[in-house]
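Summary of structural features
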Amino acid sequence: MTTVVSHNPAEPSDLVVEAPAAGAFAAAEVVERTRTAQPGWLLGGAAARSAALTAIAGAIEAAADELSALAVREVGKPVTEARAEVARTAAIWRYYAQLPYDPVGEVHEPAAGPGLLLTRRRPHGVAGLITPWNFPYAIPSWKAAPALAAGNAVVLKPAPEATACALRLAELIQQPLPKGVFTVVTGGATEGRAVTSTADVVSFTGSTVTGGAVVRAATWRGIPVQAEMGGLNAAIVLPDADISAAAGQIAAAIAGYAGQKCTATSRVIAVGAALGPLREALSEALRALPVGDPGEPATVCGPLISSAARDRLLRSWESASVLAGGTVSEAPGWYAAPTLVEKVPVGHTLLREEVFGPVAALLPAQDLAHAVRITNSVPYGLVTSVHTADLDTALYGLDQLDTGMIRMNAPSTGVDFHLPFGGAKASSHGPREQGRAALEFYSTGRTYTLAPAKTT
Ligand code: NAD
């Protein structure tokens, strides 16, 4: 039997969990078993679903300290961010706890004769959720809560690196739910493939390569699928921006949680005269960011998730000119300094691939149109931040940028959970998640014609 193990990224000798991987057959069996629990969950009614989701929010709040400490230990999330993630996770459950009461359809007049035409949304059955390690509570929750609210049962296949966080979260979710409505399958790619080939709807978050495989497999089966994948996000800074404020926000977006967020900034585009002051201010801001023990409340940039991630990062700035950082620490702990580089050759890794570490390339642009062309020149299109005091510039950016989310005078990271989340091109596939958009994804439309038995 294979096992999943996770190690503390700040103290790699600390084994956080070793659990058996389910294996392909057992994972498929779990999906089948979960399917038998779904009709009862749906028929239990909106009030029962709402009450259960509210109870989950309360349980998460009550366990907040323990959950944040576990995220610090297992995925190296700086404790201040870990606490914010747990608070946000509880808020997500509370938000979706209201939605079972929402209208699920419309009533129309028949084109001819008496009767009623109705539309009604119904759940799919079992939602298979495949999640990454970097938001070990929020991402499983922003998928599971709307799936459950709509009346689906859920099978969660978390990332191996976040197994302990997922198992603890699952205990809290399972408590108020009828038995078997929410289950977890531990493991990696094998179990992820098994869930993709047996669930009735699949929601994936992770890398673009894996997401492509999940989308192809689910589409082949003809089931609904959404995939939220990587980013290569730009921050555009105009000369009229408050350069010091922009530098502070961008530094945090580059190196917060060691850059391990799909919404992290990895390209900084300085327009015209913004280049000189921004180079200075951003280099300074990155050097000043507290790096180190994720258990310290002041820490912004903790360790990378693995030695492989650190090695990939170290290779990423080869042949560019380093302005700040540019070093990784030797053991223990997979740490790297927040890094800014410039003079990046055309076609360089940093301009093509998501590195998923605390590094960004500083790129000059002649004007806003040029900055937009640079932003749109990559295969990804998740989020862009635009820093300017000019509303015309902001409106131009809104129209021209090929990214799913655009943030003015705000960091690329930290988007709200009650609005649709997603990107363009290789960053996302399928309908948006989060907000009310999620309820649409986790249900399907039916049209009913109700004609009277007697017409006289
Ligand atoms: P990953 O792609 O390695 O793994 C994601 C999940 O897929 C894991 O649970 C993994 O076990 C599973 N998996 C692996 N192979 C599979 C297969 N063939 N079939 C089905 N499942 C399979 O990603 P990761 O390293 O855990 O997470 C980091 C990535 O996630 C980054 O690329 C980041 O940008 C992305 N991410 C995106 C968003 C977003 O909303 N766009 C949010 C967070 C993270």
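Residues numbered from 1 in each chain as written. Predicted model: local features only at pLDDT ≥ 70, side-chain atom pairs only at ≥ 80, totals over all residues. Heavy atoms only, no water.

Some thoughts on the sheet that holds strand β5 (residues 126–130)
Pairing is mixed across the open sheet formed by six strands, whose spatial order is β7-β6-β5-β8-β9-β19. Across the chains shown, the open sheet's two edge strands, defined by having one partner strand only, are β7 (182–184) and β19 (428–429). As defined by bridge partners, β5 adjoins strand β8 (residues 201–205) across four bridges and the pair is classed as parallel. Of the residues in β8, the one forming a bridge with Leu129 is Ser203. Contacting β8, β9 (225–228) and β19, helix α8 (residues 208–221) runs over the sheet at an angle of about 175° to β9. (Pairing = 2+ DSSP bridges. Helix = DSSP H or I, 4+ residues; strand = E, 2+ residues; numbered from the N terminus. Contact = heavy atoms within 4.5 Å. Axes fitted to C-alpha atoms, helices over the stretch in contact; angles between N-to-C directions.)

Topic: empty space enclosed by the protein
Gaps between atoms show up when a probe of the same size as a water molecule is rolled over them. As enumerated under the stated definition, the model contains two cavities of 30 Å³ or more in all. As a volume, the largest cavity reaches approximately 120 Å³. Along the wall of the largest cavity there are 16 residues; nearest its centre are Ala264, Ser266, Glu354, Val355 and Phe356. Here the lining of the largest cavity is composed, by residue class, of seven nonpolar, six polar and three charged. In terms of lining residues, the second largest cavity is bounded by Leu232, Asn233, Ala234, Arg267, Thr375, Val378, Tyr380, Gly381, Leu382, Val383, Thr384 and Thr403. Taken together, the elements giving at least two residues each to the lining of the second largest cavity come down to β10 (233–237), β15 (380–381) and β16 (383–387). Split by residue class, the lining of the second largest cavity holds six nonpolar, five polar and one charged. (1 Å grid on protein atoms, 1.4 Å probe; cavity = no way out; pocket = protein on both sides within 12 Å on 5 of 7 lines; lining within 4 Å. Points joined across faces, edges and corners; volume = space filled by probe spheres on them. Nonpolar A, V, L, I, M, F, W, Y, C, P; charged D, E, K, R; others polar.)

Structural notes on the nonpolar core
Ranked by size, the top nonpolar core spans 113 residues in total, and within it Leu53, Ile60, Trp93, Leu177, Leu278 and Leu282 carry the most contacts. Both domain 1 (3–229 + 427–449) and domain 2 (233–408) contribute no fewer than three residues apiece to this core. When residues no more than four places from it in sequence are discounted, the contact partners of Leu177 are Trp41, Ala52, Ile56, Leu148 and Phe182. Ranked by size, the runner-up nonpolar core spans 19 residues in total, among them Ala27, Ile130, Val195 and Val214. (Core = buried A, V, L, I, M, F, W, Y, C linked by side-chain atoms within 4.5 Å. Buried < 20%, exposed > 50% of the residue type's maximum accessible area, 1.4 Å probe, protein only. Domains from an automatic or database assignment.)

Considering the pattern of salt bridges
Here the structure, examined in full by the defined rule, presents 15 salt bridges. The shortest N-O distance in the salt bridge between Asp14 and Arg73 comes to 2.8 Å. Residue Asp14 is located in the loop between β1 (3–7) and β2 (15–20), and its partner Arg73 is located in helix α3 (residues 64–75); the two are separated by 59 residues in the primary sequence. One salt bridge in this structure joins Glu342 and Lys343, with 3.5 Å as the shortest N-O distance. What emerges from the salt-bridge pattern is a single network uniting Glu32, Arg35 and Asp200. (Salt bridge = Lys/Arg side-chain N within 4 Å of Asp/Glu carboxyl O.)

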